[in-house]
Amino acid sequence: MEVFTSVQSLRQFLDQQVLQQKTIGLVPTMGALHTGHISLIEAAKKDNDIVVCSVFVNPTQFNNPEDLAKYPRTFEADRVMLENAGCSAVFAPSVEEMYPEQPVVKMNFGALETVMEGASRPGHFNGVGIVVSKLFNIVKPQYAYFGQKDLQQVSVVRQLISDLSFDIELIICPTVRESDGLAMSSRNTRLNADERAIAPHIYRILTGAGEALNAGKKVNEVVNWAKSEFGKIKEFTLDYFEVIYLGDLLPIESIGPAGSNAICVAAFLGPVRLIDNIIF
Ligand code: AMP
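Only a predicted model underlies this, so the values are computations on that prediction, with no experimental measurement involved. (Residues numbered from 1 in each chain as written. Predicted model: local features only at pLDDT ≥ 70, side-chain atom pairs only at ≥ 80, totals over all residues. Heavy atoms only, no water.)

1. Side note on empty space enclosed by the protein
Taken as a whole and assessed by the stated rule, the structure comprises one cavity of 30 Å³ or more. Around the largest cavity, the lining residues are Lys149, Leu182, Ala183, Ser185, Asn188, Ile202, Leu274, Ile275 and Asp276. Looking at which element gives the most residues to the lining of the largest cavity, the answer is strand β9 (residues 272-279), with three residues. The residue inventory of the lining of the largest cavity, partitioned by class, reads five nonpolar, two polar and two charged. (1 Å grid on protein atoms, 1.4 Å probe; cavity = no way out; pocket = protein on both sides within 12 Å on 5 of 7 lines; lining within 4 Å. Points joined across faces, edges and corners; volume = space filled by probe spheres on them. Helix = DSSP H or I, 4+ residues; strand = E, 2+ residues; numbered from the N terminus. Nonpolar A, V, L, I, M, F, W, Y, C, P; charged D, E, K, R; others polar.)

2. Overview of the site of the ligand
Lining the immediate environment of the ligand, one finds 17 residues, of which Met30, Gly147, Asp150, Val176 and Met184 sit closest. With respect to the ligand, the side chain of Asp150 contributes an N or O atom lying 2.6 Å from an oxygen atom. Met184 is positioned with one of its backbone polar atoms (N or O) 2.9 Å from a nitrogen atom of the ligand. Protein contacts shield 93% of the accessible area of the ligand, which totals 480 Å² for the unbound molecule. Put simply, the parts of the chain that give the shell around the ligand at least two residues each are β2 (24-29), α2 (35-47) and β5 (143-147). Residue classes in the shell around the ligand are distributed as eight nonpolar, seven polar and two charged. (Near = heavy atom within 4 Å. Polar contact = N/O pair within 3.5 Å; in protein donor to acceptor, adjacent residues only side chain to side chain. Areas by Shrake-Rupley, 256 points an atom, 1.4 Å probe, with all protein chains shown as cover.)

3. Overview of the layout of surface pockets
Approximately 200 Å³ is the volume attributed to the second largest pocket. Lining the second largest pocket are 14 residues; nearest its centre among them are Val55, Phe56, Val57, Arg73 and Pro93. For the lining of the second largest pocket, a count of residues per class yields nine nonpolar, three polar and two charged.

4. Some points on the sheet that holds strand β7 (residues 236-245)
The antiparallel open sheet is built from three strands, whose spatial order is β7-β8-β9. Of all strands in the sheet, those bounded by a partner on one side alone are β7 and β9. Strand-to-strand, the axes of this sheet are offset by a mean angle of 15°, without reference to chain direction. Across nine bridges, the pairing between β7 and strand β8 (residues 261-269) is antiparallel. Across the sheet, the residue bridging to Tyr245 is Asn261, located in β8. Sitting on the sheet, helix α10 (residues 201-214) is in contact with β7, β8 and β9, with an inclination near 30° to β9. The strands that helix α11 (residues 219-231) touches are β7 and β8; relative to β7, the one it contacts most, it runs at about 160°. (Pairing = 2+ DSSP bridges. Axes fitted to C-alpha atoms, helices over the stretch in contact; angles between N-to-C directions. Contact = heavy atoms within 4.5 Å.)

Have a look at this one:
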């Protein structure tokens, strides 16, 4: 497995691969890798000759300086995991390499960023749009792999690919969970033992709400139930709990056909903000 820190050296390597007619899959990450990330590498390996994993904690997508400062950075462990997973190349640039100058371009995803993560984290999707565009232009993959865990990000990247005519197929991979249901996340390592023990309630409440909606309960009643469940656990500060239509991510009052609805949640556990969702 090759490790690149400069855009130029990665491009040289990839140019050689393209000359040999190799197909390229890209898995963008911010490192602190876990089995969820590796599932994206596995999916990419199935479809492509070459799998490039980027490991870059992108400052432009953090609206909270403390979250950026405390974001776990475990490059040596990441490198070993990627090597063992059969990844072909890691791209781990410095901030200066990715942003020799502060980008001036601003990306606005319209209605997609007025809800949920966009509303709670102003500027977040601008940063996501810029870094993903840069990675697409640097790596020029045929396929790019993103997790359903970040559902709104998937919609934003889909819009980006369409609006800017990137010749890239977006592959969405299911959320990988711990055995107690907690969605794997790099931020889970920041939870203390008590918070970690409480964290699986997020998935319990999500699935409870999903079952109630599938059984015909009204959306507003289910949302109220879920909010009251979070309210019972003092360690949680709920940011949002939304039942949405997958097409536009807007809240719905009654559910549509199976597979077109999602429940999305963001909650603080102590200082750590966790997100999760289910599609139903
Ligand atoms: P991150 O490093 O958190 O930016 O995530 C990099 C990619 O891995 C994103 O496309 C995420 O959606 C995806 N991802 C993160 N957690 C999981 C998980 N538990 N299961 C599947 N994919 C995930």
